Amino acid sequence: MFLSKRYRILRRSPAIRSMVAETRLHPEQFIAPLFVVEGNDVREPIPSMPDYFRLSLDELVREAKELWSLGVKSVLLFAKVPDDLKDNTGKEALNPNGLMQRAIRTLKNNLPDLCVMTDVALDPYSSYGHDGIVENGEIVNDPTVEVLAKMSVSHAEAGADFVAPSDMMDGRIGAIRQALEEHGFHLTGIMAYSAKYASCFYGPFRDALDSAPGFGDKKTYQMDYANSREAIKEVLQDIEEGADIVMVKPAVAYLDVIHAVKQQVWVPISAYHVSGEYAMIKAAAMQGWLDESKAMLEVLTSIRRAGADLIATYFAKQAARLLQEIA
Ligand code: PBG
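Since we're looking at a predicted model, the values are computed, not measured.

Asks: Can you tell me about the pairing of strand β5 (residues 115-120), naming the residues and giving the values?
Replies: Successive residues of a regular strand alternate their side chains across the two faces of the sheet. With respect to burial, β5 is a largely interior element, six of its six residues being buried. Along β5, one buried face is formed by C115, M117 and D119 and the opposite face, lined by V116, T118 and V120, is buried too. Viewed along the sheet, the connection from strand β4 (residues 74-79) through helix α3 (residues 99-110) into β5 turns out right-handed. Two strands pair when backbone bridges link them, and β5 and strand β8 (residues 162-165) are joined in this way by four bridges, in the parallel orientation. From the neighbouring strand, V120 faces β8, where its bridge partner is P165.

Asks: Hey, could you go over the packing of α3 against helix α4 (residues 141-158) for me, with residue numbers and the actual values?
Replies: Following both chains from N to C, one finds α3 and α4 inclined at 30 degrees, their axes separated by 8 Å at the closest point. With respect to each other, α3 and α4 are oriented roughly parallel. Of the two possible hands of crossing, α3 and α4 adopt the one that is right-handed. Residues M100, Q101, I104 and R105 of α3 lie in contact with α4, whose contacting residues are S154, H155 and A158. Classifying every residue of the contact of α3 with α4 gives three nonpolar, three polar and one charged.

About the criteria used
- Residues numbered from 1 in each chain as written.
- Predicted model: local features only at pLDDT ≥ 70, side-chain atom pairs only at ≥ 80, totals over all residues.
- Heavy atoms only, no water.
- Buried < 20%, exposed > 50% of the residue type's maximum accessible area, 1.4 Å probe, protein only.
- Helix = DSSP H or I, 4+ residues; strand = E, 2+ residues; numbered from the N terminus.
- Right-handed = clockwise from strand over helix to strand, strands pointing away.
- Pairing = 2+ DSSP bridges.
- Axes fitted to C-alpha atoms, helices over the stretch in contact; angles between N-to-C directions.
- Parallel < 35°, antiparallel > 145°, perpendicular 65-115°, else oblique.
- Left-handed = near helix turned anticlockwise from the far one by under 90°.
- Contact = heavy atoms within 4.5 Å.
- Nonpolar A, V, L, I, M, F, W, Y, C, P; charged D, E, K, R; others polar.

Here it is in structure tokens:
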């Protein structure tokens, strides 16, 4: 048979395949989410997130050093706040000596070059488990935005390189940018969770932080998964208001959204490979139904192929280690 085109030529050997691979994974493109708890020497397993832990500050430093040595240079911090400090105002979120603020300072003291990003939202601090202040069963936008702006300044004061608002209130990026400017934090970045969907895939994360909503759900502020055009509006608005990096979340079930956003914007795009997406692979691997390493690399590569420049993923360390081994 005469064929003028044989596509298998470019698939013939590992050397050829890697030469023509369009998408590559680098540890520098990963952001490692880390859960912080009070205490010393604490490395608490999270049942719905196998191989993932809540870390006390000493363990946090150890973990960040290990990540750094593997080439993962950015972390995204989440604090697990004790119940007695939760209220409906987010007061503890502004405490200069709160767990989050201490975590930021501790990391920056030990690893000054590490890029420290922080979650900005009220849910870990909220007695209702909602991302904002609750009045008469409603999550009120504008009073919440005021607290989020103060919270961002507090994180910047502690040394955060980026604040990452994950709350989906309207107008928060502009308010945060203005507050940072007013307080002289001209070089603090904002990674906006711009297109964040109301997703069941956040379940394991809410176990990790004990932050599940006490009533209702988050559908009045997080996006409806039936929609994608809305994601473009959100992303463009956040960039207009001052976002440096925009995010799509979750990642794997939203590859089309990542791709659509990529066509529209010229800022770095991050995708959050969320807790449920992590747990699914872990669970299937534990059953012997999937090869964990292969599934991990395939999924992470797909997120990059769709258009994500950065990936926040609980696989950051594992993937970085594997990439080092197979390099
Ligand atoms: C809270 C927040 C959530 C996640 C990141 N920040 C959960 C939520 O919105 O309920 C989810 C992360 C994950 O599932 O890995 N503002």
